[in-house]
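One-letter residues, chain by chain:
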Amino acid sequence: MISKKKVAQLCRKRKTLEVCTLKDGTQWVGAGGAYYVMDGLPKMKTTEYTAVFDFSQKDIDESVISEVDISNIIEAEIEIAVQSEPQTLIYCDEKFLCFSESNHFAIIPETQLAPVIMDENTAFYIRFGQAPIVCVKHGLFQEALIAATVFSETAIKAIESQCLTIINAVRNSTEKTYEETDNAQEELE
């Protein structure tokens, strides 16, 4: 299930409200790279969503509000089920989740999972396309599609540095039961 209230909060926070209507009338609402199915709501126009989502006039003026067509992403069939728990990464005070399976990876901001009400039937998949997408399903039904974060070269170097610092801190705080190497970077590669 999707919390419509949390989708609304995310749309207002990200200053984006994108609506995709499929041929069967199903609607998805997006908030900057994350889209959520709006089951249980009547088919609405973007202006109606702004009213239902409690957008103030200031929110409307400051937001990108549009109709989009992401049907090719929603209807994509090439995906792989993620079997393991995602790894966490904190970068710039934001928590990210790294989903990986069979050398396929997708890193998403944890905040974009907030609208998903998870239970034992929630499953994650990595979808392939121009960029990886995390598909969240409840049983066989899609509930959310979240585009993977693309990090800048500067961010990648900062994350690598953070990882090396952690590796060195762990090594220096544990008993030496391994042969030391001169360069921790070599071991990462």
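The structure under discussion appears in the preceding block.
The model shown is predicted, which means the values in this text are computed figures rather than measured ones.

A. Just the layout of surface pockets, in detail. In this structure, the largest pocket occupies an estimated 280 Å³ of space. Lining of the largest pocket is provided by 15 residues; of these, Trp 28, Val 37, Asp 39, Phe 141 and Gln 142 occupy positions nearest its centre. The dominant element in the lining of the largest pocket, judged by the number of residues it contributes, is strand β11 (residues 141–147), at 3 residues. Tallied by class, residues from the lining of the largest pocket come to 7 nonpolar, 3 polar and 5 charged.

B. Main features of the state of the cysteines. Taken as a whole, this structure holds 0 disulfides when the rule is applied. Not part of a disulfide, Cys 20 finds its nearest cysteine sulfur in Cys 11, a span of 14 Å. The class of Cys 20 is buried, set by a relative accessible area of 0%.

C. Seen up close, the sheet that holds strand β9 (residues 122–127). Ordered by their spatial adjacency, 8 strands build an open sheet running β4-β1-β2-β3-β11-β10-β9-β5, and the pairing between neighbours is mixed. Strands with a single pairing partner mark the edges of an open sheet, and in this sheet they are β4 (64–67) and β5 (79–81). Each neighbouring strand pair of the sheet contributes to a mean axis angle of 20°, computed without reference to strand direction. Examined bridge by bridge, strand β2 (residues 27–30) and strand β3 (residues 34–37) share 3 bridges and lie antiparallel to one another. Residue Trp 28 lies in a different strand from β3, and its bridge partner there is Val 37.

D. Examining the sheet that holds strand β6 (residues 87–91) more closely. Taken together, the 3 strands give an open sheet; going across it, the order is β6-β7-β8, and neighbouring strands pair in antiparallel fashion. Looking at which strands have only one partner, the edges of the open sheet turn out to be β6 and β8 (104–109). In this sheet, adjacent strand axes meet at a mean angle of 25° when their direction is disregarded. Bridging between strand β7 (residues 94–101) and β8 involves 6 bridges; their strand directions are antiparallel. Note that in β8 the partner of Leu 97 across the bridge is Ile 108.

Criteria and cut-off values
- Counting restarts for each chain, with residues numbered from 1 along the sequence as it is written.
- Reporting in this predicted model follows two pLDDT cut-offs: at least 70 for local features of residues, and 80 or more for side-chain atom pairs to be given and counted; totals over whole chains, interfaces and linings ignore these cut-offs and use all residues.
- Note: side-chain values were computed over all heavy atoms of the structure, leaving out hydrogens and water.
- In this analysis the probe radius is 1.4 Å and the grid spacing 1 Å, with only protein atoms considered; a cavity is a set of points the probe fits into but cannot get out of, a pocket is an open set with protein on both sides within 12 Å along at least five of seven lines, and lining residues have an atom within 4 Å of a point.
- Grid points are joined across faces, edges and corners, and a volume is the space filled by probe spheres set on the points.
- Numbering of helices and strands runs from the N terminus, with a helix taken as a DSSP run of H or I at least four residues long and a strand as a DSSP run of E at least two residues long.
- Just so you know the grouping, Ala, Val, Leu, Ile, Met, Phe, Trp, Tyr, Cys and Pro go in nonpolar, Asp, Glu, Lys and Arg go in charged, and all remaining residues, Gly too, go in polar.
- Disulfide assignment relies on a single distance test, namely cysteine sulfur atoms paired within 2.5 Å.
- Each residue is placed in one exposure class: buried if its accessible area under a 1.4 Å probe, protein chains only, is under 20% of its type's maximum, exposed if it is over 50%, and partly exposed if it falls in between.
- By this definition, two strands are paired if DSSP reports at least two bridges between them.
- Structural elements are reduced to axes, namely lines fitted to C-alpha atoms, with helices fitted over the stretch in contact, and the angle between N-to-C directions of any two is expressed from 0 to 180 degrees.

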